[in-house]
Amino acid sequence: MPNFKTILVPTDFSPYSDNSVRYAQALAEHSKGTVHFVHVVDNRLLEGAAYEGVYVSVGAIQQTLAAIREHAKTQMGHVEKKARARGLTVETHLLEGRPADEISALAEKLNADLIVVATHGRSGLDRLILGSNCEKLIRKATRPVLAVKHPEREFVGPDDHSISLNRVLVPCDFSDFSKRAVSAAAELCREFKATLYLTHVVDTWLDYPEFAPTVELNNSPFLTERAKESLEKIAREQSGVTTQIEVLNGVPHHGIVDLVNSESIDLVVMTTHGRAGFTHLLLGSVTEKVLRAAACPVLILRPTA
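Here the residue index of a chain counts from 1 through its sequence in written order. For this predicted model, a pLDDT threshold of at least 70 governs which residues receive local features, and a threshold of 80 or more governs which side-chain atom pairs are given and counted, while totals over whole chains, interfaces and linings are taken from all residues. Side-chain descriptors were evaluated using all non-hydrogen atoms of the structure, hydrogens and water having been removed beforehand.

Asks: Would you mind showing me how to read the sheet that holds strand β1 (residues 6-10) here?
Replies: Read across the sheet, 10 strands follow the order β3-β2-β1-β4-β5-β12-β11-β6-β7-β10 without closing on themselves; strand pairing throughout is mixed. The open sheet has two free edges, formed respectively by β3 (89-97) and β10 (242-250), since each of these has just one partner strand. For this sheet the average axis-to-axis angle between neighbouring strands, irrespective of direction, equals 25 degrees. Strands pair, by our definition, only if DSSP identifies at least two bridges between them. For the purposes of this entry, the term helix denotes a DSSP run of H or I that reaches at least four residues, the term strand denotes a run of E that reaches at least two, and both are numbered from the N terminus. Pairing of β1 with strand β2 (residues 34-42), which is carried by five bridges, proceeds in the parallel orientation. Counterpart to V9 in the pairing with β2 is F37. Should any heavy atoms of two residues lie within 4.5 Å, those residues are counted as being in contact. All axes here are fitted lines through C-alpha atoms, helices being fitted over the stretch that makes contact, and every angle between N-to-C directions spans 0 to 180 degrees. Strands in contact with helix α10 (residues 286-293) are β5 (145-148), β11 (267-271) and β12 (298-301); relative to β11, the strand with the most contacts, it is inclined by about 160 degrees.

Spelled out as structure tokens, the structure:
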């Protein structure tokens with residue numbers, strides 16, 4: 001990183017995915033790389049065939065899927081034509097199955113450097129029913145995923161695809177996982193002459209709604225001072241990068257999102273988690289909470305990627 005030569009961007013042809021297409025194209029223009037557009041026809045309609053005679057017939061489902069496939073083929077042609085008009089190298093992929101599974105498998109096959117995805121292509125009740133394919137993809141993909149929203153804080157111009165990346169934030173929990181995020185973010189900062197913000201949130205809250213009410217912990221000044229020293233050490237190790245450190249107290253994802261807003265951060269770089277196993281399941285994923293709430297794009301790295 002940030003040599004994004006092979007960029008995979010899923011599209012459902014909605015305004016939300018149009019925004020992720022724009023980011024993918026801008027990054028490909030910068031790196032002179034290849035954009036791979038993918039659309040997955042979700043064939044889970046077929047799972048309803050067991051209810052033939054009650055809700056819908058198998059024949060009706062097959063007819064609907066055929067219409068969806070034809071529509072997707074036409075729309076993908078439009079997307080490809082627009083990208084080629086910008087002088088980009090483009091490949092398209094029309095797949096069928098479960099979107100997150102198919103996209104993550106294609107990313108592996110292509111050895112993709114980056115997947116660019118909209119946080120969702122739906123809103124309201126539709127999104128609640130279908131769930132977030134973005135979050136499912138992030139859990140499955142071993143490749144870096146750039147999640148973008150719209151309309152939110154942008155670092156890619158709407159018309160000329162110019163990249164204006166000025167402030168990059170990395171939350172650090174001092175694990176090996178978060179150190180990888182620091183390294184990737186530092187490379188981006190060197191490439192785009194951006195300032196690297198390093199932050200640690202001293203977690204003063206435990207929230208186990210099924211076991212106990214929210215409890216505030218005694219915040220030791222020692223923890224704050226130790227976190228500051230650790231961040232200063234990490235900052236010194238980032239040669240050729242302007243850095244700024246912030247030590248906060250409170251709920252980690254709340255502190256990170258507040259910092260995104262107060263410092264007008266353009267991009268957050270995080271790993272999926274700094275914990276594993278039961279602890280991760282119990283505390284939840286800070287990364288996923290930041291992804292939902294942050295007003296800027298979030299670059300997610302898997303520890304194994």
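From this point, the narrative continues.
Asks: Which parts of the structure should I look at to understand the environment of D203?
Replies: Within the secondary structure, D203 is located in strand β7 (residues 195-203). Here the alpha-carbon distance between D203 and H253, two residues 50 residues apart in the chain, equals 9.7 Å.

Asks: Would you explain helix α3 (residues 99-110) in this entry?
Replies: Owing to its 3.6 residues per turn, the α-helix aligns residues three or four sequence positions apart on the same side. Here a helix's expected span is defined as the number of its residues, less one, multiplied by 1.5 Å. Here α3 is 12 residues long and its end C-alpha atoms lie 16 Å apart, about the 16 Å a rise of 1.5 Å per residue gives. Turning to α3, its buried residues are P99, A100, I103, S104, L106 and A107. For α3, the buried positions fall inside an angular range of 160 degrees around the axis, keeping them on one side. Taken together, the buried residues of α3 touch β1, β2, β3, β4 (114-118) and α5 (133-140). Positive phi shows up at N111, right after α3, with a value of about 55 degrees. Whether a residue is buried, partly exposed or exposed follows from its accessible area with a 1.4 Å probe, protein chains only, as a fraction of its type maximum: under 20%, in between, or over 50%, in that order. As used here, the arc belongs to the directions running from the helix axis to the C-beta atoms.

Asks: Where do I start with the pattern of salt bridges in this structure?
Replies: Between side chains of opposite charge, a pair can form when the charged atoms approach closely. One speaks of a salt bridge when a side-chain nitrogen belonging to Lys or Arg is within 4 Å of a carboxyl oxygen belonging to Asp or Glu. By the definition in use, this model includes nine salt bridges. Among the salt bridges present, the one from K140 reaches D101, with a minimum N-O distance of 2.9 Å. Of this pair, K140 sits in helix α5 while D101 sits in helix α3, and the two are 39 residues apart along the sequence. With relative accessibility at 44%, the residue K140 sits in the partly exposed group. Across the pair E108 and R143 runs a salt bridge whose closest N-O atoms are separated by 3.2 Å. Of the two residues, E108 is situated in helix α3 and R143 in the loop between α5 and β5; the sequence distance between them amounts to 35 residues.

Asks: When you look at the nonpolar core in this model, what are you seeing that I'm missing?
Replies: What tends to happen in soluble globular proteins is that the nonpolar side chains get buried as a cluster. Nonpolar cores are built from buried Ala, Val, Leu, Ile, Met, Phe, Trp, Tyr and Cys residues. Side-chain atoms within 4.5 Å join them into one set. Among the nonpolar cores identified, the biggest contains 47 residues, and F37, L146, V170, L198, L267 and V269 are the most heavily contacted of them. No other element matches the eight residues that helix α6 (residues 176-192) contributes to this core. Other than its neighbours up to four places away in sequence, L267 contacts L146, F155, L165, R167, V168, L169, L188, C296, P297, V298 and L299. In terms of nonpolar packing, the next biggest core, distinct from the first, is built from 31 residues, V117, L169, V201 and V268 among them.

Asks: What am I meant to see in the packing of α5 against α10 here?
Replies: For any two helices packed against each other, the geometry comes down to the angle between their axes and how far apart the axes lie. Contact geometry of α5 with α10 gives a least axis separation of 12 Å together with a crossing angle of 150 degrees. Relative to α10, the element α5 lies roughly antiparallel. Relative to α10, the crossing made by α5 is right-handed. Along the contact surface, α5 presents C134, E135, I138 and R139, while α10 presents E288, L291 and R292. Here the nonpolar group is Ala, Val, Leu, Ile, Met, Phe, Trp, Tyr, Cys and Pro; Asp, Glu, Lys and Arg are the charged ones; every other residue, Gly included, is treated as polar. In the contact of α5 with α10, the residues fall into three nonpolar, no polar and four charged. In what follows, roughly perpendicular refers to angles from 65 to 115 degrees, roughly parallel to angles under 35, roughly antiparallel to angles over 145, and oblique to any angle outside these ranges. Take the far helix as the reference: if the near one is turned anticlockwise from it by less than a right angle, the crossing is left-handed, and if turned clockwise, right-handed.

Asks: Looking at this structure, how should I read the confidence of the model for the protein?
Replies: Every residue is assigned a pLDDT by the predictor, reflecting its confidence on a scale from 0 to 100. On average, residues of the protein carry a pLDDT of 83, and 80% of them reach 70 or more. Taken together, the stretch residues 121-131 has pLDDT below 50 and engages in 11 contacts with residues farther than four places along the chain or on a different chain. Counted against residues more than four places away or in other chains, residues 274-284, with its pLDDT under 50, gives 11 contacts.

Asks: Explanation requested: helix α7 (residues 221-236) in the structure shown.
Replies: Under the 1.5 Å per step criterion, the end-to-end length of α7 is 23 Å for 16 residues, consistent within 8% with the ideal 22 Å. Among the residues of α7, A227, L231, I234 and A235 are the ones counted as buried. Along the long axis of α7, the arc covered by the buried residues comes to 100 degrees, so they all point the same way. Of the residues in α7, the exposed ones pointing more than 90 degrees away from the buried face are P221, F222, R226 and R236. Contact partners of the buried residues in α7: α6, β7 and β10.

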